[in-house]
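# Structure at a glance
So the chains spell out like this:
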Amino acid sequence: MKKIFLFAGLISAAFFNAQIKFEKGYFVNNSGQRSEVLIKNLDWKSNPTEFEYKTDESSAETKKESIKNIQEFGINNEQKYVRKTVMIDLSSDQLQEMSYEKKPSFLEKTVFLKYLVDGKADLFYYENDDLERFFFSTNDSEVKQLVYKPYYIENSSIAYNEEYKKQILDNLNCGVDLIDVNKLNYKSKDLTKVFLKYNECSNGSAVNYNQNYEKRDLFNLTVRPGINFSSFEMTNDYYSGNENSKFGNKVSFRIGVEAEFILPFNKNKWALFAEPTYQYYKTEKESTIYQGQPFEAKSIRSVDYKSIEIPLGVRHYFFLNDKSKIFINAAYIIDVEMKSDIRYDYSTLEISSGNNFAFGVGYKYNDKFLVEFRTSTRRNLLQNYINWSSKYQTSSIILGYTLF
């Protein structure tokens with residue numbers, strides 16, 4: 001366990017600065033001056049209030065600008081932010097903090113709004129923690145929020161202020177009809193389609209910044225065979241001397257199928273995963289418990305343990321280049337045993353396993369091939385027995401191929 005934490009720490013330190021790139025971008029200051037620079041692309045989940053940049057690739061010096069000095073900035077024609085002072089509804093969508101007021105609770109605030117659609121009709125997005133809001137502007141008019149607010153009514157039932165539908169009907173009066181609006185959700189994908197439809201109908205060109213996020217590959221299915229190096233020991237606390245059986249290390253095969261969900265922010269560096277995995281441990285031990293004249297007594301003990309492990313975890317990637325990346329992950333393993341038992345002389349103990357944790361570090365190439373070293377904490381296979389305790393522990397070498 002200490003080795004894997006040390007290895008993960010070294011990797012984190014070595015590649016922390018390399019994983020985020022400075023990419024071609026620009027900013028416009030308060031004087032209207034445009035500067036072509038390299039901006040550190042953090043792929044912000046919450047709308048930023050500042051950013052770091054370099055003047056050229058060879059420069060070792062990084063500089064920082066904030067919302068106070070910058071009117072607009074963009075990266076690689078993929079992201080564009082503009083500073084606006086807007087009236088924003090800060091009402092909570094969380095059940096425990098939801099209000100009984102239908103009207104939005106507006107507060108004036110200066111923010112960087114993220115462009116989703118840039119055209120005759122603009123669509124903007126703002127996120128901060130759990131707060132998500134959309135804004136719009138037509139023909140360079142004042143930027144206003146598209147209003148959507150859940151609120152409590154009698155008996156703690158929830159109603160919804162969907163004023164955004166009326167706002168769209170009133171302002172996007174070309175190519176957008178009542179049928180489009182009635183089925184419109186307060187989501188970036190739905191709203192983007194409507195704004196693009198309006199811009200096309202009104203003979204206005206538009207840039208769809210949201211398409212870069214819609215095209216992202218946010219799901220991976222990977223086949224992951226490997227080898228387990230497992231050990232097992234059991235102790236009976238009832239007998240004097242704490243009778244102990246150590247079954248030693250065994251090498252066995254494992255096979256898993258992993259579903260990985262890439263989180264759509266921070267340059268795809270975070271992911272959640274689940275990996276149903278078949279594993280087994282089978283061994284037998286014979287020992288002499290009495291030796292003398294005229295006979296000797298032997299004890300035969302065996303373990304036949306099969307299970308489906310379901311690790312549920314989080315993963316973090318460190319990008320080395322466009323094709324290579326290192327990752328570390330941690331998971332909570334739910335173990336479902338399959339007709340498993342321990343035969344102890346003339347007794348049979350049914351295995352009822354507990355859950356445990358696993359930690360891994362690995363390398364992935366070309367988003368297809370991977371290798372991972374994983375180790376787990378101890379797992380008790382005899383949790384239903386009062387006098388028996390056990391320790392099952394596994395380290396694994398895992399290979400993987402991503403199907404899609």
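Residues numbered from 1 in each chain as written. Predicted model: local features only at pLDDT ≥ 70, side-chain atom pairs only at ≥ 80, totals over all residues. Heavy atoms only, no water.

With that settled, consider the overall build of the chain. Along the backbone of the chain there are five helices and 24 strands. Residue burial in the chain is summarised as follows: out of 404 residues, 45% are buried. The contacts of the chain with a sequence gap of at least 6 include a subset with a gap of at least 24, amounting to 59%. On the chain, roughly 22000 Å² of surface is accessible, and the fraction owed to carbon and sulfur atoms is 52%. (Helix = DSSP H or I, 4+ residues; strand = E, 2+ residues; numbered from the N terminus. Buried < 20%, exposed > 50% of the residue type's maximum accessible area, 1.4 Å probe, protein only. Contact = heavy atoms within 4.5 Å. Areas by Shrake-Rupley, 256 points an atom, 1.4 Å probe, with all protein chains shown as cover.)

Here Lys166 shows up in helix α2 (residues 163-171). The class for Lys166 is exposed, based on a relative accessible area of 53%. The spatial distance from the C-alpha of Lys166 to the C-alpha of Leu178 is 9.5 Å, given a sequence separation of 12 residues. In terms of polar contacts, Lys166 uses its side chain to reach the side chain of Asp170, at 2.8 Å. (Polar contact = N/O pair within 3.5 Å; in protein donor to acceptor, adjacent residues only side chain to side chain.)

Right, let's talk about the pairing of strand β1 (residues 22-29) for a bit. Burial of β1 is extensive: seven of the eight residues sit out of reach of the surface. When β1 meets strand β2 (residues 34-40), the two strands line up antiparallel, connected through seven bridges. Each residue of the ladder has a partner; that of Phe22, found in β2, is Lys40. Hairpin connection of β1 to β2: four residues between the antiparallel strands, including Gly32 at a positive phi of 85 degrees. (Pairing = 2+ DSSP bridges.)

Glancing now at the packing of aromatic side chains. The tally for this structure, following the rule as stated, stands at 28 aromatic pairs. Measuring from centroid to centroid gives 5.9 Å for Tyr148 and Tyr164, while their planes differ by 75 degrees, and the two rings are edge-to-face. Here Tyr148 is found in the loop between β10 (144-146) and β11 (149-152), whereas its partner Tyr164 is found in helix α2, with 16 residues between them in sequence. Seen in terms of ring centroids, Tyr305 and Tyr392 are 5.0 Å apart; in terms of plane orientation they differ by 90 degrees. Their pairing is edge-to-face. With Tyr305 in strand β18 (residues 296-319) and Tyr392 in strand β24 (residues 388-402), the pair connects residues that are 87 residues apart, well separated along the chain. We classify Tyr392 as buried; its relative accessible area is 1%. Every member of this aromatic cluster is reached through a ring pair, and the members are Phe27, Trp44, Phe51, Tyr53, Phe73, Tyr81 and Phe112. Here Lys54 stacks its cationic end above the ring of Phe22, 4.8 Å away from the centre of that ring. Sitting above the plane of the Tyr317 ring, Lys325 keeps its charged end 4.5 Å from the centroid. (Phe/Tyr/Trp six-rings, centres within 6.5 Å; stacked < 30°, edge-to-face > 60°. Lys NZ or Arg CZ within 6 Å of the ring centre and 35° of its normal.)

This paragraph deals with α2. Looking only at α2, the buried set comprises Tyr164, Lys165, Gln167 and Ile168. Summarising the axial view, the buried residues of α2 lie within an arc of 160 degrees, below the 170-degree limit, and thus occupy one face. Its buried side turned inward, α2 meets β9 (131-138), β10, α3 (178-182) and α4 (188-201). (Arc of directions from axis to C-beta.)

What follows concerns α4. Its 14 residues place the ends of α4 20 Å apart at the C-alpha level, agreeing with the 20 Å of an ideal helix rising 1.5 Å per residue. Within α4, burial applies to Leu191, Thr192, Val194, Phe195, Tyr198 and Asn199. Mapping the buried residues of α4 onto a view down its axis gives an arc of 165 degrees, with all of them on the same face. The exposed set on the far side of α4, more than 90 degrees from its buried face, consists of Lys193 and Glu200. Close packing links the buried residues of α4 with β7 (106-118), β8 (121-128), β9, β10, α2 and β13 (207-208). Following α4 by one or two positions, Asn203 has its phi on the positive side, about 60 degrees. (Expected span 1.5 Å × (residues − 1).)

Quick look at a negative patch on the surface now. There is a patch of like negative charges on the surface, built from Glu97, Asp129, Asp130 and Glu132. Note that Glu132 resides in strand β9. (Patch = residues over 30% accessible without salt bridge, like charges linked within 9 Å, V, L, I, M, F, W, Y side chains within 5 Å. Salt bridge = Lys/Arg side-chain N within 4 Å of Asp/Glu carboxyl O. Lys, Arg positive; Asp, Glu negative; His and termini not counted. Charge placed at Lys NZ, Arg CZ, Asp CG, Glu CD.)

Despite not being glycine, Asn76 has its phi angle at roughly 55 degrees, a positive value. For Asp129, which is not glycine, the phi dihedral falls at a positive 60 degrees. Summarising the element assignment, Asp129 is placed in the loop between β8 and β9. Owing to a relative accessible area of 58%, Asp129 belongs among the exposed residues under this scheme.

Here we take up the confidence of the model for the chain. Chain-level pLDDT for the chain is 87 on average; 89% of the residues reach the 70-or-more range. Predicted confidence for residues 13-18 stays below pLDDT 50, and this span has four contacts to residues more than four positions away or in other chains. (pLDDT = per-residue confidence, 0-100.)

All right, on to the side chain of Arg374 then. Relative to the elements of secondary structure, Arg374 occurs in strand β23 (residues 369-376). At 3.3 Å, the side chain of Arg374 forms a polar contact with the side chain of Glu275. A distance of 3.0 Å separates a polar atom in the side chain of Arg374 from a polar atom in the side chain of Glu372.

It is characteristic of soluble globular proteins that their nonpolar side chains tend to be buried jointly. Of all hydrophobic cores here, the largest spans 21 residues; its most connected members are Leu146, Ile168 and Leu191. If you list the elements that add at least two residues to this core, you get β7, β8, β9, α2 and α4. Tallying contributions element by element places α4 first for this core, with four residues. Apart from the residues lying within four places of it in its own chain, the contact partners of Ile168 are Leu146, Val176, Val181, Leu184, Leu191 and Val194. In this structure, Tyr305, Tyr344, Leu381 and Tyr392 belong to the second largest nonpolar core, which totals 14 residues. (Core = buried A, V, L, I, M, F, W, Y, C linked by side-chain atoms within 4.5 Å.)

With that settled, consider the state of the cysteines. As enumerated under the stated definition, the model contains one disulfide in all. A sulfur-sulfur distance of 1.8 Å marks the disulfide that ties Cys174 to Cys201. One quick way to see it: the torsion about the S-S bond of Cys174 and Cys201 is about -70 degrees, and its sign makes the bridge left-handed. Placement of the pair is Cys174 in the loop between α2 and α3 and Cys201 in helix α4, with a sequence separation of 27 residues. (Disulfide = S-S within 2.5 Å.)

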